[in-house]
Amino acid sequence: MPTEETLVLVKPDGVARGLTGEILARIERKGYSLVDLRLVEPSRERLEKHYAEHEGKPFYEPLLEFMMSGPSVAIRLTGDRVIEGFRSLAGTTDPTSAAPGTIRGDLGRDWGLKVQQNLVHGSDSQESAERELSIWF
Ligand code: DAT
Ligand code: MG
């Protein structure tokens with residue numbers, strides 16, 4: 001099987017809290033390789049494409065507003081089984097119950113907002129990874 005790529009985002013909360021370095025360090029210590037990395041202030045159009053699967057959900061508008069609140073760091077990451085591996089490093093969606101040891105479990109919390117701010121995004125399948133990498137790079 002060829003080596004995989006995935007899209008990782010350090011979301012605006014991660015960048016604003018100065019956690020980009022900590023998150024990159026965890027990714028590097030795990031052994032994955034950075035292929036490309038950039039600071040991006042995405043347009044609404046780009047975010048609508050990225051989060052198309054969530055359109056109509058109660059957290060959709062708050063999610064887009066949050067993602068437009070500041071820059072994100074977009075990362076093209078590579079390694080065997082990196083899609084699954086980064087999702088494991090990130091932890092589950094809700095930072096309150098995400099396992100300690102994960103990025104979301106160690107560094108995230110609930111802020112009482114309409115959308116969970118959980119520091120990172122990682123593609124959830126090969127199809128999503130291909131689609132999302134073409135949106136951000
Ligand atoms: P993930 O980022 O773990 O793949 P997702 O794709 O289901 O999660 O949702 C995208 C983002 O939307 C997620 O990172 C945080 C937010 N979110 C998801 N479900 C939510 C909910 N029930 N309430 C508030 N925010 C939510
Ligand atoms: Mg998702």
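Residues numbered from 1 in each chain as written. Chains lettered and ligands numbered in written order. Predicted model: local features only at pLDDT ≥ 70, side-chain atom pairs only at ≥ 80, totals over all residues. Heavy atoms only, no water.

## A look at the overall build of the chain
What counts here: What counts as a helix is a DSSP run of H or I of at least four residues, what counts as a strand is a run of E of at least two, and both are numbered from the N terminus. Radius of gyration: C-alpha atoms only; globule rule: 2.2 Å multiplied by the number of residues to the exponent 0.38. To sort residues, take the accessible area from a 1.4 Å probe on protein chains only and compare it with the maximum for the residue type: under 20% means buried, over 50% means exposed, and anything in between is partly exposed. The criterion used for residue contact is that any of the two residues' heavy atoms lie within 4.5 Å.
When helices and strands are counted, the chain shows 7 helices and 4 strands. Across the chain, helices and strands are ordered from the amino to the carboxyl terminus as β-α-α-β-α-α-β-α-α-β-α. Taking 137 residues into account, the globule formula puts the C-alpha radius of gyration at 14 Å, and the chain, at 14 Å, falls close to it. Overall, the chain is about 40 × 30 × 25 Å in size when its C-alpha atoms are taken along their principal axes. Here the chain holds 137 residues, and 48% of them are scored as buried. In the chain, the proportion of contacts linking residues at least 24 apart, taken out of those at least 6 apart, comes to 74%.

## Points about the environment of Ser125
For the record, the criterion: In protein, a polar contact means a hydrogen-donor-capable atom and an acceptor-capable atom, both N or O and within 3.5 Å, with residues adjacent in sequence counting only if both atoms are side-chain atoms; elsewhere, any N or O pair within 3.5 Å suffices.
Position of Ser125 among the secondary structure elements: in the loop between β4 (120–122) and α7 (126–136). Of the residues examined, Ser125 reaches a relative accessible area of 24% and is grouped as partly exposed. Engagement of the side chain of Ser125 in a polar contact is seen with the side chain of Ser128, the distance being 3.0 Å.

## Some points on the site of ligand 1
For clarity, the threshold we go by: Neighbouring residues are identified by heavy atoms, a residue being near a molecule or strand if any of them is within 4 Å of it. Note that accessible areas follow from Shrake-Rupley with a 1.4 Å probe, and for residues the cover is restricted to the protein chains shown. Charged residues are taken to be Asp, Glu, Lys and Arg, nonpolar residues to be Ala, Val, Leu, Ile, Met, Phe, Trp, Tyr, Cys and Pro, and polar residues to be all remaining types, Gly included.
The environment of ligand 1 is formed by Lys11, Tyr51, His54, Phe59, Leu63, Arg87, Thr93, Arg104, Lys114, Val115, Gln116 and Asn118. Lys11 is positioned such that a nitrogen or oxygen atom in its side chain is 2.9 Å from an oxygen atom of ligand 1. Measuring from an oxygen atom of ligand 1, one finds a side-chain N or O atom of Arg87 at 2.8 Å. Here ligand 1, which alone exposes 520 Å², has 75% of that area covered by the protein. When grouped by side-chain class, the residues that make up the shell around ligand 1 number 4 nonpolar, 4 polar and 4 charged.

## Let's talk about the pairing of strand β3 (residues 72–79)
In the case of a regular strand, side chains alternate between the two sheet surfaces. For clarity, the cut-off: Paired strands are those between which DSSP finds at least two bridges.
By the criterion of burial, β3 is predominantly enclosed, with 8 of the 8 residues buried. Note: strand β1 (residues 4–10) against β3, 7 bridges, orientation antiparallel. In the sheet register, Glu4 faces β3, and the bridge partner there is Gly79. When strand β2 (residues 33–40) meets β3, the two strands line up antiparallel, connected through 7 bridges. Bridging from a neighbouring strand, Leu37 pairs with Ile75 of β3.

## Brief notes about the pairing of β1
The element β1 is largely enclosed, with a buried count of 6 among its 7 residues. With 3 bridges connecting them, β1 and β4 associate as antiparallel partners. Note on β4: the bridge partner recorded for Val8 is Gly122.

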